[in-house]
Amino acid sequence: MGFDFKLKISNASQLVVISKGKPFLIGKEMSNIEIIENGTMIIDENGIIFDIGTFKEMEEKYKDKSFEKVLDCTGKSVLPGFVDGHTHPVFSGDRVHEFAMKLAGATYLDVHKAGGGIQFTISHTKNSTEDELYQLLIPRLNRMLKNGTTLIEAKSGYGLETETEMKMLKVLDRASKQFQGVEIVSTYLGGHAIPKGMNASEATDDIINKQIPELKRLKDAGEISPANIDVFLEKGFFEYEDTKRILQAGKDIGLECNFHGDELSYMKSGELAGELGCRAISHLEKVSEDGMKAMAATPTFAVLLPTTAYILRLECPPARRMIELGVPVALGSDFNPNAHCLSMPFVMNLACVLMKMNMNESLVAATLNAAASINKSSTHGSLEVGKFADFVILSADKWEHIIYEMVDPPISHVFKKGNLVFSNNN
Ligand SMILES: [Zn+2]
């Protein structure tokens, strides 16, 4: 105690602010990120960014102040902590065996018939206790943290019935209260697939009449904390009308709509989002021109998941056209047992190589815009005064190394709300 400030991040060769005073960036703005060369950042005792500027001006301004800790970042770059806009991190039972099948040419349907796919994850997740699921989640969050992620969107969706869906949301709520490094915004995804023995309309009724009322009860009781509702809008799964009914029911109890759309077939996702005023749509491999225009007008965030296209060898979503039309683009890892990726640097690299985004656009999409896609950009996603001091220190004088060195970029430290939560001793 007795210090004026908690932390000074001093003389970073690049301090990547991203942007000042904007909730998200669209179009050409995504290519113009703000960087302070030889920058210093001051963090207060609450873990909030108090001031930021050049080393020279900060040295002068704060010459009489004391700091609990000063970190010399000469030769290093500092970026905002990454925000992963789409994850499914609560599950039991990996699916490594399926990866071999798929590489040998098995289709989604072949895997399904062999007892694999989402049904495999659902049966394992149902059979796991809340504590077992929590114990599986924590190391995954730690691996995200090592890769610089400090905020995620995380979904339920491997229960498809009330009890397991609520169990998953309880696991996420517990992690968000007990795990310090990665903050969690949770999403209810009871409509992830049609449960065995039901048709789509019965499943929709179950969600609206049983699962959502129980979700509201537990939310009001403080046992779970979902902010969003999600549905897998797809041919043969939840189609347009069912999806609309489910999202509306979520909206009616105060959840934001953030759904899976246009992944395998064109399902008028953008159009639906415009109609309901949805915050975000993920995937969008098959989105239409009209859909993108509706998204730009709402605006609805496009949460793009390049790992899906990569793993499933699908066509990528039209990221360039979205940016041209002014759709706010965000990125997510889609971490799940089918796409086992916990790394946003790798996701940014894939976004550049496969989706033809430039490095600035990818970084904006993995920070400020991803934060905005989950309604967190007033406090997260950029290095601005008043926001949480969530940041990554890179042992490289140019920030682009985070993308260029794709699989194991030289992250030396990760801070969450001004606290050191990861450091690489090498
Ligand atoms: Zn997903």
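What counts, and at which threshold
Residues numbered from 1 in each chain as written. Predicted model: local features only at pLDDT ≥ 70, side-chain atom pairs only at ≥ 80, totals over all residues. Heavy atoms only, no water. Donors = N, O, S within 2.8 Å, 3.2 Å for Na, K, Ca; no water. Helix = DSSP H or I, 4+ residues; strand = E, 2+ residues; numbered from the N terminus. UniProt positions renumbered as here; feature names shortened; annotations may be inferred. Contact = heavy atoms within 4.5 Å. Polar contact = N/O pair within 3.5 Å; in protein donor to acceptor, adjacent residues only side chain to side chain. Buried < 20%, exposed > 50% of the residue type's maximum accessible area, 1.4 Å probe, protein only. Pairing = 2+ DSSP bridges. Axes fitted to C-alpha atoms, helices over the stretch in contact; angles between N-to-C directions. Patch = residues over 30% accessible without salt bridge, like charges linked within 9 Å, V, L, I, M, F, W, Y side chains within 5 Å. Areas by Shrake-Rupley, 256 points an atom, 1.4 Å probe, with all protein chains shown as cover. Salt bridge = Lys/Arg side-chain N within 4 Å of Asp/Glu carboxyl O. Phe/Tyr/Trp six-rings, centres within 6.5 Å; stacked < 30°, edge-to-face > 60°. Domains from an automatic or database assignment. Buried area = accessible area lost by both parts, 1.4 Å probe.

### Details of the coordination of the zinc ion
In step 1: Protein ligation of the zinc ion involves His86 (NE2), His88 (NE2) and His260 (NE2), the donor distances falling in the range 2.1 to 2.2 Å.
In step 2: Donor residues for the zinc ion, ordered by position in the chain, follow H-x1-H-x171-H. One end of the pair, histidine 88, is in the loop between strand S6 (82-87) and helix H2 (96-103); the other, histidine 260, is in strand S10 (residues 256-261), with 172 residues separating them in the sequence.

### Details of the UniProt feature "binding site: 4-imidazolone-5-propanoate" in the protein chain
In step 1: Summarizing the sequence annotation, UniProt attributes the feature "binding site: 4-imidazolone-5-propanoate" to Tyr158, His192 and Glu263 in the numbering used throughout.
In step 2: Looking at the element boundaries, histidine 192 is found in the loop between strand S8 (183-191) and helix H7 (200-220).
In step 3: Residues within four places of histidine 192 in sequence aside, it is in contact with His88, Ile118, Gly157, Tyr158, Leu160, Phe232, Phe237 and Phe238.
In step 4: Of note is the side chain of histidine 192, whose polar atom sits 2.9 Å from the backbone oxygen of glycine 157.
In step 5: Relative to the assigned elements, glutamate 263 resides in the loop between S10 and helix H9 (269-276).
In step 6: Judged by relative accessible area, which is 10%, glutamate 263 ranks as buried.

### Some details on the sheet that holds S8
Sheet strands associate in pairs through backbone hydrogen bonding, adopting either a parallel or an antiparallel arrangement.
In step 1: Ordered in space as S6-S7-S8-S9-S10-S11-S12-S13, the eight strands form an open sheet in which the pairing is parallel. Looking along the sheet, the strands with just one partner apiece sit at the ends: S6 and strand S13 (329-331). Between one strand axis and the next, the sheet turns by 25 degrees as a mean value, whatever way the strands run.
In step 2: With four bridges joining them, S10 and strand S11 (residues 280-283) adopt parallel strand pairing. Looking across to S11, one finds that phenylalanine 259 is bridged to isoleucine 281.
In step 3: Across the sheet, H9 is in contact with S10 and S11; its angle to S10 comes to roughly 170 degrees.

### Re a nonpolar patch on the surface
In step 1: Nonpolar side chains collect at one region of the surface, where Leu264, Leu312 and Leu314 lie side by side and expose about 220 Å² of accessible area between them.
In step 2: With respect to the secondary-structure elements, leucine 314 resides in the loop between helix H11 (306-312) and helix H12 (319-325).
In step 3: Judged by its relative accessible area of 31%, leucine 314 is partly exposed.

### Considerations on unusual backbone geometry
In step 1: In this structure, proline 299 follows threonine 298 across a cis peptide bond, with omega equal to -10 degrees.
In step 2: Tracing the chain through its elements places proline 299 in the loop between helix H10 (289-297) and strand S12 (301-304).
In step 3: The backbone of lysine 268 sits at a positive phi, close to 60 degrees, despite the residue not being glycine.
In step 4: According to the relative accessible area criterion, lysine 268 is partly exposed, its value standing at 44%.
In step 5: A positive phi angle is found at lysine 356, which is not glycine, with a value near 60 degrees.
In step 6: What makes lysine 356 exposed here is its relative accessible area of 60%.

### Some words on the packing of aromatic side chains
In step 1: This structure, assessed with the given rule, holds ten aromatic pairs.
In step 2: Both rings, one in phenylalanine 5 and one in tyrosine 62, keep their centres 5.6 Å apart while their planes meet at 85 degrees; by these two values the pair is edge-to-face. Linking phenylalanine 5 in strand S1 (residues 5-18) with tyrosine 62 in the loop between helix H1 (55-61) and strand S4 (67-72), this pair joins segments that are 57 residues apart in sequence. You'll find phenylalanine 5 and tyrosine 62 in the same group, each marked buried.
In step 3: Aromatic pair phenylalanine 24 and phenylalanine 301: ring centres 5.0 Å apart, planes at 75 degrees, arrangement edge-to-face. Of this pair, phenylalanine 24 sits in the loop between S1 and strand S2 (34-43) while phenylalanine 301 sits in strand S12, and the two are 277 residues apart along the sequence.

### Section: the domain arrangement of the protein chain
In step 1: Considered domain by domain, the protein chain is made up of domain 1 (5-80 + 383-423) and domain 2 (82-373).
In step 2: For domain 1 versus domain 2, the separation of C-alpha centres amounts to 30 Å.
In step 3: If you look at the interface, domain 1 gives 33 residues, while domain 2 gives 34 residues.
In step 4: Buried surface at the junction of domain 1 and domain 2, summed over both partners, amounts to about 2700 Å²; 71% is from carbon and sulfur atoms.
In step 5: Applying the counting rule to domain 1 against domain 2 returns two salt bridges.
In step 6: For glutamate 183, the salt bridge is made with lysine 417, and the minimal N-O distance between the two is 3.8 Å.
In step 7: For the pair domain 1 and domain 2, the interface holds nine residue pairs in polar contact (both at pLDDT 80 or more).
In step 8: Within the residue set of the side of domain 1 that touches domain 2, elements represented by two or more residues are S1, strand S5 (77-80), helix H16 (401-404), strand S15 (411-416) and strand S16 (419-423).

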